[in-house]
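What follows is the residue order along each chain.
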Amino acid sequence: MGLSSEILDICIPSGIFCYRNIKKATDDSENGEKSRSTVAFAQGAKLVEAVTKYNDETAKTAKSALSVFDKYAKQYKAVDYAGKAVNWATHNVNPLICISGGIKTLTSDDKVHTGITQLGALSGMFLGEGLIKLYQNQIFNEKNVSDIVKRFQNTKGLKTVCEKLLKSGNCGKAASILKGLAFVTGSITSYSIGEKIGKNTADRICADAGIEVKKKIDRKV
């Protein structure tokens, strides 16, 4: 199956986030976040949607399967509701992350402290992701990657790699991979910075208000 730039644009970040959220949801320690399972599911659904949308071979199979699904959806409301739920989850990952943060706060022994910390973490993440989206296409694109590769195509030890990259479409795929990795790194970093600011703010507010923090909260990204 050929992986196009369109597939890589979605699958690289969604695949990494899906894996991370699965680890969070299945963590048996006190840091485990069971509510993250819905976020992992939504990210996984995005992967499937991207492959079926942009790959001709899988798209044909998907259309055949969807025709059967539609038939049963008309007959059984539960199937219809399930399909709509999956579609909503696929296109609403961020609201699910917010809901997950809300659940973590409500189930915490330190609701005020956890709530402020979560607010800082999610605000930082969304702000960072928003800034990255503004500039990522200007930085990580086929032309820029191609220009860089051409500079090193005669460098000893890199010639073969550069020749492969300069083949039609490969620079575009490389740009998509770099863009995805940069987005994930920026998102995680922004979350961590926001979480640290949120924690420090929560510490001050709880101390000033005389709110006892019942347990030490391990800030696990």
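Use the structure listed above.
No experiment lies behind these values; they were computed from the predicted model shown. (Residues numbered from 1 in each chain as written. Predicted model: local features only at pLDDT ≥ 70, side-chain atom pairs only at ≥ 80, totals over all residues. Heavy atoms only, no water.)

Draft legend 1. Highlighting the side chain of Asn 21. The residue Asn 21 is located in helix 1 (residues 5-26) in this model. Here Phe 17 takes part through its backbone oxygen, which lies 2.8 Å from a polar atom of the side chain of Asn 21. In this structure the side chain of Asn 21 is engaged in a polar contact, spanning 2.9 Å, whose partner is the side chain of Arg 36. For Asn 21, the contacting residues outside a window of four places in its chain are Arg 36, Val 39, Ala 40 and Gln 43. (Helix = DSSP H or I, 4+ residues; strand = E, 2+ residues; numbered from the N terminus. Polar contact = N/O pair within 3.5 Å; in protein donor to acceptor, adjacent residues only side chain to side chain. Contact = heavy atoms within 4.5 Å.)

Draft legend 2. Quick peek at the packing of helix 5 (residues 93-106) against helix 6 (residues 111-139). The N-to-C vectors of helix 5 and helix 6 enclose an angle of 165°; their axes lie 8 Å apart at closest approach. Viewed along their axes, helix 5 and helix 6 adopt a mutual orientation that is roughly antiparallel. Crossing of helix 5 over helix 6 shows right-handed handedness. On the side of helix 5, the interface is formed by Asn 94, Ile 97, Cys 98, Gly 101, Lys 104, Thr 105 and Leu 106, while helix 6 contributes Lys 111, Thr 114, Gly 115, Gln 118, Leu 122, Met 125, Phe 126 and Glu 129. (Axes fitted to C-alpha atoms, helices over the stretch in contact; angles between N-to-C directions. Parallel < 35°, antiparallel > 145°, perpendicular 65-115°, else oblique. Left-handed = near helix turned anticlockwise from the far one by under 90°.)

Draft legend 3. Fine view of the nonpolar core. Of all hydrophobic cores here, the largest spans ten residues; its members are Val 39, Ala 42, Ala 89, Val 93, Leu 96, Ile 97, Ala 121, Leu 122, Met 125 and Tyr 191. Contributing elements (two or more residues each) for this core: helix 2 (36-54), helix 5 and helix 6. By size, the runner-up hydrophobic cluster in this structure holds six residues, among which are Val 149, Cys 162, Cys 171 and Ala 175. (Core = buried A, V, L, I, M, F, W, Y, C linked by side-chain atoms within 4.5 Å. Buried < 20%, exposed > 50% of the residue type's maximum accessible area, 1.4 Å probe, protein only.)

Draft legend 4. Structural view of a nonpolar patch on the surface. There is a patch of nonpolar side chains on the surface, built from Leu 127, Leu 131, Leu 134, Tyr 135 and Ile 139 and spanning about 540 Å² of accessible area. You can see Ile 139 is positioned in helix 6. (Patch = residues over 30% accessible without salt bridge, like charges linked within 9 Å, V, L, I, M, F, W, Y side chains within 5 Å. Areas by Shrake-Rupley, 256 points an atom, 1.4 Å probe, with all protein chains shown as cover. Salt bridge = Lys/Arg side-chain N within 4 Å of Asp/Glu carboxyl O.)

Draft legend 5. The arrangement of helix 1 in detail. Counted at 1.5 Å a residue, the expected span for helix 1 with its 22 residues is 32 Å, and the 31 Å between its end C-alpha atoms agrees. The largest bend along helix 1 reaches roughly 30° and is located at Cys 11, with the proline Pro 13 sitting one to four residues downstream. Burial in helix 1 covers these residues: Ile 7, Leu 8, Cys 11, Ile 12, Pro 13, Ser 14, Phe 17, Cys 18, Asn 21, Lys 24 and Ala 25. (Expected span 1.5 Å × (residues − 1). Bend = angle between axes of the 7 residues up to and from the residue.)

These figures capture arrangement, not role.
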